[in-house]
Amino acid sequence: MIYRISNDDDLMSLYFKSSAEEKIKFILEDYSSFLKKTNALMELLKMDVANDRDFRIKRERGPDNIRVMSSEISDTTAQIAISNVMLDDAFESGDIESEIMKTDEPEKYRRKYHRIISMEQDYKIVSNFIDMLPTYDRYLLEKFYEFRENGRYINELSDKVEIDPQSLYKRIGRIKKKVTLSALSRFATKYCQEGQMAG
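Residues numbered from 1 in each chain as written. Predicted model: local features only at pLDDT ≥ 70, side-chain atom pairs only at ≥ 80, totals over all residues. Heavy atoms only, no water.

So, the environment of Glu-22
At step 1: You can see Glu-22 is positioned in helix H2 (residues 20–29).
At step 2: Residues Glu-22 and Leu-184, 162 residues apart in the sequence, show an inter-C-alpha distance of 9.7 Å.
At step 3: Here Ser-19 takes part through its backbone nitrogen, which lies 2.8 Å from a polar atom of the side chain of Glu-22. (Helix = DSSP H or I, 4+ residues; strand = E, 2+ residues; numbered from the N terminus. Polar contact = N/O pair within 3.5 Å; in protein donor to acceptor, adjacent residues only side chain to side chain.)

Below you can see the structure in the form of structure tokens.
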């Protein structure tokens, strides 16, 4: 399965338009770097919130940096610096509501935030079922991801585990299928309850 994704909105749109089974396959296909992607999505979201908030602060002060609305802080630069600390704390704690309400599009940012959290939860579900695999199956799958992450070929892993490449590739496929079937009911229940979060 190949995903051609050009930006963060494409990634989330593709993921949440996928079926429960496709979501699991999405994670298994990109297991080693999936959390790196969700972390990047969260950082990009934080930047978007900060930029929207800063634009609003400057707009409310007018073109000459004069306060239009009352505030205890008169210097725009100082206010933005303090706001950035508060924004970091909000994302760290998971309580972002007060920060996104300082933007012009709080609902858009709220939706993105909850989608990213949902993707991280999905990864944890899949990860837990990988942890419950029989020991050798788990070892093979983890080694498969490790070798691929380091740009090494399945032939090298084949030599290490002393299984011919074709048989190893088929076995990895069966292990992924086992994880998919195990996790499927939880995904189906979750996304049925959440109305698929489509769109």
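Side note on the nonpolar core
At step 1: The biggest cluster of nonpolar side chains holds 45 residues, and the ones touching the most others in it are Tyr-15, Val-126 and Phe-187.
At step 2: Top element by residues in this core is helix H6 (residues 106–131). It accounts for nine residues.
At step 3: If we skip the residues at most four places from it in the chain, Phe-187 touches Tyr-15, Ala-20, Lys-23, Ile-24, Ile-27, Asp-122, Ile-125 and Val-126. (Core = buried A, V, L, I, M, F, W, Y, C linked by side-chain atoms within 4.5 Å. Buried < 20%, exposed > 50% of the residue type's maximum accessible area, 1.4 Å probe, protein only. Contact = heavy atoms within 4.5 Å.)

Observations concerning the packing of helix H3 (residues 34–61) against H6
Helix-helix packing is characterised by the crossing angle of the two axes and by the distance between the axes.
At step 1: Where H3 contacts H6, the two axes come as close as 10 Å, and the packing angle between them is 165°. The angle between H3 and H6 falls in the class roughly antiparallel. Two packed elements cross with a definite hand, and for H3 against H6 that hand is left-handed. Contacts from Phe-34, Leu-35, Thr-38, Asn-39, Leu-41, Met-42, Leu-45, Asp-48, Val-49 and Asp-52 in H3 reach Tyr-109, Lys-112, Tyr-113, Ile-116, Ile-117, Met-119, Glu-120 and Tyr-123 in H6.
At step 2: Residue composition of the contact of H3 with H6, by class: twelve nonpolar, two polar and four charged. (Axes fitted to C-alpha atoms, helices over the stretch in contact; angles between N-to-C directions. Parallel < 35°, antiparallel > 145°, perpendicular 65-115°, else oblique. Left-handed = near helix turned anticlockwise from the far one by under 90°. Nonpolar A, V, L, I, M, F, W, Y, C, P; charged D, E, K, R; others polar.)

Comments concerning the packing of aromatic side chains
At step 1: Here the structure, examined in full by the defined rule, presents twelve aromatic pairs.
At step 2: With 5.1 Å between their ring centres and 80° between their planes, Tyr-15 and Phe-16 make a pair best called edge-to-face. There is no split in this pair, since Tyr-15 and Phe-16 are both buried.
At step 3: Put simply, the rings of Tyr-15, Phe-16, Phe-26, Tyr-31, Phe-34, Tyr-123, Phe-144, Tyr-145, Phe-187 and Tyr-191 pair up and form one aromatic cluster.
At step 4: Here the guanidinium or amino end of Lys-23 rests over the ring plane of Tyr-191, the centre of that ring lying 4.4 Å away.
At step 5: Over the aromatic face of Phe-147 sits the side chain of Arg-152, whose NZ or CZ is 4.0 Å from the ring centroid. (Phe/Tyr/Trp six-rings, centres within 6.5 Å; stacked < 30°, edge-to-face > 60°. Lys NZ or Arg CZ within 6 Å of the ring centre and 35° of its normal.)

Here's the deal with the side chain of Asp-52
At step 1: Relative to the elements of secondary structure, Asp-52 occurs in helix H3.
At step 2: Despite its burial, Asp-52 pairs with no opposite charge, the nearest such side chain being Lys-108 at 5.8 Å.
At step 3: Those residues within four positions of Asp-52 in sequence are excluded, and the remaining contacts are Thr-103, Asp-104, Glu-105 and Tyr-109. (Lys, Arg positive; Asp, Glu negative; His and termini not counted. Salt bridge = Lys/Arg side-chain N within 4 Å of Asp/Glu carboxyl O.)

Details of the environment of Ala-40
At step 1: Tracing the backbone through its elements, the reader meets Ala-40 in helix H3.
At step 2: Along the primary structure Ala-40 and Ile-116 are separated by 76 residues, whereas in three dimensions their C-alpha atoms are 9.9 Å apart.

Side note on the pattern of salt bridges
At step 1: For the structure shown, the criterion picks out 17 salt bridges.
At step 2: With a closest N to O distance of 3.2 Å, Lys-46 and Asp-88 form a salt bridge. Residue Lys-46 is found in helix H3, and its partner Asp-88 is found in helix H4 (residues 76–93); the two are separated by 42 residues along the sequence.
At step 3: A residue is classified by how much of its surface remains accessible, and Lys-46, at 16% relative accessible area, is buried.
At step 4: Given a relative accessible area of 39%, Asp-88 falls into the partly exposed group.
At step 5: The partner of Glu-146 in a salt bridge is Lys-143, and the shortest N-O contact between them spans 3.3 Å.

Overview of the packing of H2 against H6
At step 1: For the pair H2 and H6, the least separation of the axes is 10 Å and the interaxial angle reads 75°. Between H2 and H6, the angle falls in the class roughly perpendicular. Between H2 and H6, the contacting residues are Lys-23, Ile-24, Ile-27 and Leu-28 on the first element and Asp-122, Tyr-123, Val-126 and Ile-130 on the second.
At step 2: Of the residues assigned to the contact of H2 with H6, the class counts are six nonpolar, no polar and two charged.

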